[in-house]
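Per-entry structural report
The residues making up each chain are set out below.
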Amino acid sequence: RVAYVNGSYVPHGEAAVHIEDRGYQFADGVYEVCEVRGGRLVDETRHMDRLERSLGELRIAMPMDRKPLGMVLRETVRRNRVRNGLVYLQVTRGVARRDHAFPKPGTPPALVVTAKSIDFAKNDANAAKGVKVISMPDNRWERVDIKSVGLLPNCIAKQAAREKGAYEAWLVDDDGFVTEGSSTNAWIITKDGALVTRFADNGILKGITRTTIFDLCKREGLRIEERKFTIEEAQNAREAFLSSATTIVMPIVEIDGRPVGNGAPGSIATDLRAKFHEVAEIA
Ligand code: PMP
């Protein structure tokens, strides 16, 4: 395997960043994960738009223009011989002597890109069976709309899910409403067939997969309600599912030990999963 690190392609096992990189010291950086399908990038434009937004909110410079960045992503995919998988990119505020305040203007941001294959057959097998989720308090900061590498609460939530044999943890705010999963967006489908997912303010990451599912729903004539919902409403919903770049649409069959719908993957979620790449940008 090969990684791109600040201008060069290096063997993955030897790829390293400086100990005074602000990503390492302060989680002062952002990332993107883009699905790779048939060697091509899924929804690259939207991922680049979100990257620019995350960087802008944190006043970190783009490490290079979009066009060359797209070339680096593709070259990393190519050198790792990834047909189906993901490409990961991370930009941090760069290397500077440790001080909480930002380094002096002109400090170059650091860019790392990796790519790896994913076993989508296993992914499809999970979707065919449906997955379990548990709920956890959402104790993250108030700017989770920024795709920051500061993911400690997300890691703790995912680990709790694993330890309970669940696929994902749904995070619940102080008022009892689901915000999103630890690394996925959260959806339910009501008895009358409306898709419900939380509106995208500062309280969730606005998933690219979520946005593309909106496009798909428009095409399919499905109604979307952007609003909050509780765990109880989800447990009593017709269907539930989660979404992200690598899980696409993943049907949920159990929430906190209670079955959703008839306890089998829902037909609408299954259909959205099958059709997702018909509307996504693949380039
Ligand atoms: N929410 C969180 C907290 C995430 O980490 C992710 C995946 N990065 C998502 C939602 C889904 O976003 P996307 O569809 O862009 O992968």
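Scroll up for the structure.
Attention here is on the structure that accompanies the text. All values reported here derive from a predicted model rather than from experimental measurement.

Moving on, we get to the pattern of salt bridges. Applying the stated criterion across every chain, the model contains 27 salt bridges. Note that Glu-57 and Arg-143 form a salt bridge whose closest N and O atoms lie 2.8 Å from each other. Remark: Arg-143 occurs in the loop between strand E7 (131-137) and helix H5 (152-163) and Glu-57 occurs in helix H2 (residues 44-58); sequence separation between them is 86 residues. Residue classification places Arg-143 among the partly exposed residues on the basis of a relative accessible area of 23%. Between Lys-275 and Asp-271 there is a salt bridge; the shortest N-O distance is 3.0 Å. Linking Lys-275 with Asp-271, this pair stays in helix H8 (residues 267-279), spanning four residues, or about one helical turn. When its relative accessible area of 22% is taken as the criterion, Lys-275 is described as partly exposed. Connected through salt bridges with shared partners, the residues Asp-192, Arg-223, Glu-225, Arg-227 and Glu-233 form a single ionic network.

Let us look at the pairing of strand E14 (residues 248-255). E14 sits mainly inside the fold: seven of its eight residues count as buried. The pairing of E7 with E14 spans three bridges and is classified as parallel. Counted as the bridge partner of Val-133 is Ile-255 from E14. Between strand E13 (residues 239-244) and E14, which pair antiparallel and follow one another directly, the connecting turn spans three residues. What sits between the antiparallel neighbours E14 and strand E15 (residues 258-259) is a turn of two residues, in which Asp-256 has the positive phi angle 50°.

Glancing now at the pairing of strand E10 (residues 185-189). Taken across its five residues, E10 has five buried, putting it largely inside the fold. Of the two faces of E10, the one lined by Asn-185, Trp-187 and Ile-189 and the one lined by Ala-186 and Ile-188 are each fully buried. The sheet contact formed by E10 and E13 spans five bridges and is antiparallel. Across the sheet, the residue bridging to Asn-185 is Ser-243, located in E13.

The rules behind these values
- Residues numbered from 1 in each chain as written.
- Predicted model: local features only at pLDDT ≥ 70, side-chain atom pairs only at ≥ 80, totals over all residues.
- Heavy atoms only, no water.
- Salt bridge = Lys/Arg side-chain N within 4 Å of Asp/Glu carboxyl O.
- Helix = DSSP H or I, 4+ residues; strand = E, 2+ residues; numbered from the N terminus.
- Buried < 20%, exposed > 50% of the residue type's maximum accessible area, 1.4 Å probe, protein only.
- Pairing = 2+ DSSP bridges.

All we've got here are geometric facts, nothing functional implied.
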